[in-house]
Amino acid sequence: MAINGVVRVAAVERKAMLGIVALGLAAVAISSAAIAEPARKATAKTRAKPRPAATAKLPTLTVSETPPPAPAPAPSGTDPEPIGNIADWFPADSYPPQARALGLEGRVVFALDIDALGRITQCHVIEGSGSDLLDSATCTQAIINGRFRPGRDAAGKPVAKSWRSTMRWKLAVGAAPGDE
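Read on for an overview of the structure. Remember, predicted model here, so these are calculated numbers, not experimental data.

1. Some details on helix α3 (residues 132–145)
Residue pairs three or four apart in sequence face the same way in an α-helix, which turns once every 3.6 residues. Counted at 1.5 Å a residue, the expected span for α3 with its 14 residues is 20 Å, and the 20 Å between its end C-alpha atoms agrees. Listed as buried for α3 are Leu134, Asp135, Ala137, Thr138, Cys139, Gln141 and Ala142. Among the structural elements, α2 (97–102), β2 (106–114), β3 (120–127) and β7 (161–169) are those in contact with the buried residues of α3.

Have a look at this one:
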């Protein structure tokens, strides 16, 4: 019985919705005819007697729009801060031997994910040097040797944030490839 009651209610609601849609369509048809009739009469009048055309006001459809979202507030707080000299993360003996032997040089743009305790959790190569050896060595050395004070939010609470930098791998002038 309850199922029949639900079905009957749904059928009644459907009929009501169809009636509303039909009324809306009729209103559109009526308003279209009301707009077309004065325009047709105005055209007939202008043929008989030239006068400046009156601008007819057309009905406007008002749609309530929500205001555009407010721009996101600028992030506040502080970014993670490296402890010590970043150049110390990449000692001379960290140059990959194969890259040195091949005379490879390059610039690596990388980003480090730093957790709320200041630990490096991940390294991402943003722009590679063209050498997987140099790109990999950059992340390896940064993760092993990098130390940070964590970033903080506006309230001063430690939060996870990213930190971005660049490493330029360049062989020493006058060093022959293969020199150790």
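Right, picking up where we left off after that structure.
2. Details of the state of the cysteines
Scanning the model with the defined rule gives one disulfide in all. Between the sulfur atoms of cysteine 123 and its disulfide mate cysteine 139 the distance is 2.0 Å. The S-S bond linking cysteine 123 to cysteine 139 shows a torsion near -65°; that makes this disulfide left-handed. Of this pair, cysteine 123 sits in strand β3 while cysteine 139 sits in helix α3, and the two are 16 residues apart along the sequence. Across the pair, exposure class does not vary: cysteine 123 and cysteine 139 are buried alike.

3. Brief notes about the pairing of β3
Judged from the six bridges that link them, β2 and β3 form a sheet pairing that is antiparallel. Note on β3: the bridge partner recorded for aspartate 113 is glutamine 122. Here β2 folds back onto β3 in antiparallel fashion, the turn holding five residues, of which glycine 118 has a positive phi close to 90°.

Thresholds applied
- Residues numbered from 1 in each chain as written.
- Predicted model: local features only at pLDDT ≥ 70, side-chain atom pairs only at ≥ 80, totals over all residues.
- Heavy atoms only, no water.
- Helix = DSSP H or I, 4+ residues; strand = E, 2+ residues; numbered from the N terminus.
- Expected span 1.5 Å × (residues − 1).
- Buried < 20%, exposed > 50% of the residue type's maximum accessible area, 1.4 Å probe, protein only.
- Contact = heavy atoms within 4.5 Å.
- Disulfide = S-S within 2.5 Å.
- Pairing = 2+ DSSP bridges.

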